[in-house]
Structure formats: structure tokens, C-alpha cells
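Take a look at the letters that make up each chain.
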Amino acid sequence: MDEKIFKTMGHSGALAIALGVISIVVGLVSGVMLLISGGRLLAGRSKILF
């Protein structure tokens, strides 16, 4: 019985670590994409005529 609990805890811990790494990567990628698109918008601001 104890071995089953330890296996379950191990799998849960591994899943938590994997999801943490994935969320960090997704956060960094989306942050970089937002910075790039914001920079392009600011650079193209002078080309707009009203």
C-alpha cells in the first residue's frame, strides 16, 4: 500500500514540475511576442496620417 502512495506522489510531483516548466516557457514566449509587437506598433506610429 505504501509503495502505491509513493508512486502516486512521485507522478504528481513530476507532473507539477513539468507543468511549471511549460507555463514558464509559454509566459516567456508570449512576453517576448508582446514586446516585439509593441515595438513595431510604436515604430509605425509615425506613418499614420489622420
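Conventions we followed
- Residues numbered from 1 in each chain as written.
- Predicted model: local features only at pLDDT ≥ 70, side-chain atom pairs only at ≥ 80, totals over all residues.
- Heavy atoms only, no water.
- Helix = DSSP H or I, 4+ residues; strand = E, 2+ residues; numbered from the N terminus.
- Rg over C-alpha atoms; globule rule 2.2 N^0.38 Å.
- Areas by Shrake-Rupley, 256 points an atom, 1.4 Å probe, with all protein chains shown as cover.
- Patch = residues over 30% accessible without salt bridge, like charges linked within 9 Å, V, L, I, M, F, W, Y side chains within 5 Å.
- Salt bridge = Lys/Arg side-chain N within 4 Å of Asp/Glu carboxyl O.
- Buried < 20%, exposed > 50% of the residue type's maximum accessible area, 1.4 Å probe, protein only.

S.K.: Looking at this model, I keep getting lost on the overall build of the protein chain. Mind explaining?
M.R.: Secondary structure assignment for the protein chain yields 1 helix and 0 strands. What you see for the protein chain is a C-alpha radius of gyration of 22 Å, clearly larger than the 10 Å of a compact globule of 50 residues, by over 25%. Surface summary for the protein chain: the accessible area is close to 4900 Å², and the carbon and sulfur share equals 76%.

S.K.: Help me out: how do you make sense of a nonpolar patch on the surface in this one?
M.R.: Taken together, I17, V21, V25, V29 and M33 make up a surface patch of nonpolar side chains, about 480 Å² in accessible area. Here V25 is to be found in helix α1 (residues 2-43). When its relative accessible area of 46% is taken as the criterion, V25 is described as partly exposed.

S.K.: Sorry if this is basic, but what is going on with the environment of G13 here?
M.R.: Among the secondary structure elements, G13 is positioned in helix α1. Along the sequence, G13 and L42 sit 29 residues apart, while their C-alpha atoms lie 43 Å from each other.

S.K.: How should I be thinking about the environment of I36 in this particular structure?
M.R.: With respect to the helices, strands and loops of the structure, I36 is situated in helix α1. Sequence separation of I36 and I22 is 14 residues, and the distance between their C-alpha atoms is 21 Å.

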